[in-house]
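Take a look at the letters that make up each chain.
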Amino acid sequence: MSAHPVIVAIDGPSGTGKSSTSKAVAARLGMGYLDTGAQYRAITWWMLSNGVDVNDPAAVAAVAGKPEIISGTDPLAPTITVDGTDVAGPIRTAEVTGAVSAVSAVPAVRTRITELQRTIAAEAPAGIVVEGRDIGTTVLPGADVKIFLTADPEARAARRSGELRGTAPGAPDLAATREALIKRDAADSGRTTSPLAKADDATELDTTELTLEQVISWVITVVEDAGRKQPRP
Ligand SMILES: Nc1ncnc2c1ncn2[C@@H]1O[C@H](COP(=O)(O)OP(=O)(O)O)[C@@H](O)[C@H]1O
Ligand SMILES: Nc1ccn([C@@H]2O[C@H](COP(=O)(O)OP(=O)(O)O)[C@@H](O)[C@H]2O)c(=O)n1
C-alpha cells in the first residue's frame, strides 16, 4: 500500500482509548504495536524491585541503563520483559502506577527508553502503531500519521475504573481513580522533558461520546488515507 512501512503515533492522556484502539488498528491492518507506557512502567517496576528511591531523580538516573527491557510487538499478544522476567502483570499494580510519572520524568530514563522505541519502530517490517504521550512530538516526529486522543476526565475515570474492577480485586473506587488519573496527567503534562502534548501536526479526536469501535474505524480511515498519499515505490 505504501513506499515504506507506515508509522502511526497515537498520544493522549490516560483512559482516552490509546491502547485498545492501537492494538485493534494494528491487528486489523497487519502492523506491529508498541505500548510505550508499558516500557515506562517496566523500568519503574525494576526501580521499585531494586529498592531505588523513585523520588530521587539522581538515584534513578544513575541506574537507568541497567535493566534490559524487551517489548514484543504482536498486537494480538503484546509482551514485556525485564531482564528476562515477564512483568506484564506486575507493571499494572497501583504501586507502579503511583510511581511511574516520577520515574518517567527523569531525562536519563527518557533518553534510554526513547532510543529503544526508535529502534523498534525502525525495524518494524510491516509498519507499527506506537502509543504513548510524546510519540508525535519527540520519539517519532516524522511519523506518517499522528493522532491525539482526548476525552472528558469523567469518562476516562469511568473507563479506567470499570477496567480495574474487572481485573484487580479491591481496586480503588471511581472518585479515587479519577483523582489519581488527574494527578498523573498533571505530572505528565507538567514535566520539563518531553511532556504529554499534542504535536502541531497531529489530528485530535475527542472520544468522550464515541464507542471504541467508532474510534478504531476513524483511525483506520486516517491510516489508510495516509498510505494512499505516499509516493509509489
Ligand atoms: N471510546 C470508548 N468508549 C468506551 N470505553 C472505552 C473507549 N475507549 C476505550 N475504552 C475502555 O476504556 C478503558 C481504557 O482504555 P485504554 O485503551 O487502556 O486507554 P489508554 O491506553 O488511553 O489509557 C478500557 O477498558 C477500554 O476498553
Ligand atoms: N510515551 C510515554 C508513555 C508513557 N509515559 C509514562 O508512563 C505512564 C504510564 O503510561 P500508560 O500508557 O501505561 O498509562 P495508562 O494511561 O494506560 O494508565 C504515564 O503516566 C507516563 O508517566 C511517558 O512518560 N511517555
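Definitions and limits used
- Residues numbered from 1 in each chain as written.
- Chains lettered and ligands numbered in written order.
- Predicted model: local features only at pLDDT ≥ 70, side-chain atom pairs only at ≥ 80, totals over all residues.
- Heavy atoms only, no water.
- UniProt positions renumbered as here; feature names shortened; annotations may be inferred.
- Near = heavy atom within 4 Å.
- Polar contact = N/O pair within 3.5 Å; in protein donor to acceptor, adjacent residues only side chain to side chain.
- Areas by Shrake-Rupley, 256 points an atom, 1.4 Å probe, with all protein chains shown as cover.
- Helix = DSSP H or I, 4+ residues; strand = E, 2+ residues; numbered from the N terminus.
- Axes fitted to C-alpha atoms, helices over the stretch in contact; angles between N-to-C directions.
- Parallel < 35°, antiparallel > 145°, perpendicular 65-115°, else oblique.
- Left-handed = near helix turned anticlockwise from the far one by under 90°.
- Contact = heavy atoms within 4.5 Å.
- Nonpolar A, V, L, I, M, F, W, Y, C, P; charged D, E, K, R; others polar.
- Pairing = 2+ DSSP bridges.

An unreviewed UniProt entry annotates the protein as Cytidylate kinase of Streptomyces carpaticus. Per UniProt, the comment on the protein under Subcellular location (unreviewed entry) is "Cytoplasm". In its Sequence similarities (unreviewed entry) section, the UniProt record describing the protein reads: "Belongs to the cytidylate kinase family. Type 1 subfamily."

Student: Tell me about the site of ligand 1, and name the residues and values.
Tutor: Residues in close proximity to ligand 1 total 15 residues, the closest being Gly15, Lys18, Ser19, Ser20 and Leu210. Here an oxygen atom of ligand 1 sits 3.1 Å away from a polar atom, N or O, in the main chain of Thr16. A distance of 2.8 Å is found between an oxygen atom of ligand 1 and a side-chain nitrogen or oxygen belonging to Lys18. Burial of ligand 1 by the surrounding chains reaches 79%, relative to a free accessible area of 570 Å². Contributing elements (two or more residues each) for the shell around ligand 1: α1 (18–29) and α7 (153–167).

Student: How would you explain the packing of helix α2 (residues 36–49) against helix α5 (residues 107–123) if you had to name every residue and give the values?
Tutor: At a minimum axis separation of 11 Å, α2 and α5 run at an interaxial angle of 140°. Comparing the axis directions of α2 and α5 gives the class oblique. You can see that α2 and α5 cross each other, and the crossing is right-handed. In contact with Thr36, Gln39, Tyr40 and Ile43 of α2, α5 contributes Val109, Arg110, Arg112, Ile113, Thr114, Leu116, Gln117 and Ile120. Taken together, the residues of the contact of α2 with α5 break down into six nonpolar, four polar and two charged.

Student: Please set out the sheet that holds strand β1 (residues 7–11) residue by residue, giving values where relevant.
Tutor: Across the sheet, which stays open at both edges, the five strands sit in the order β2-β6-β1-β7-β8 with parallel pairing between neighbours. On the outer flanks of this sheet lie β2 (32–35) and β8 (203–206), each paired with one strand and no other. Here the strands of the sheet are splayed against their neighbours by 20° on average, with no regard to which way each runs. Pairing analysis gives four bridges linking strand β7 (residues 145–150) to β8, with the strands arranged parallel. Pairing of Thr150 across the sheet is with Asp206, part of β8.

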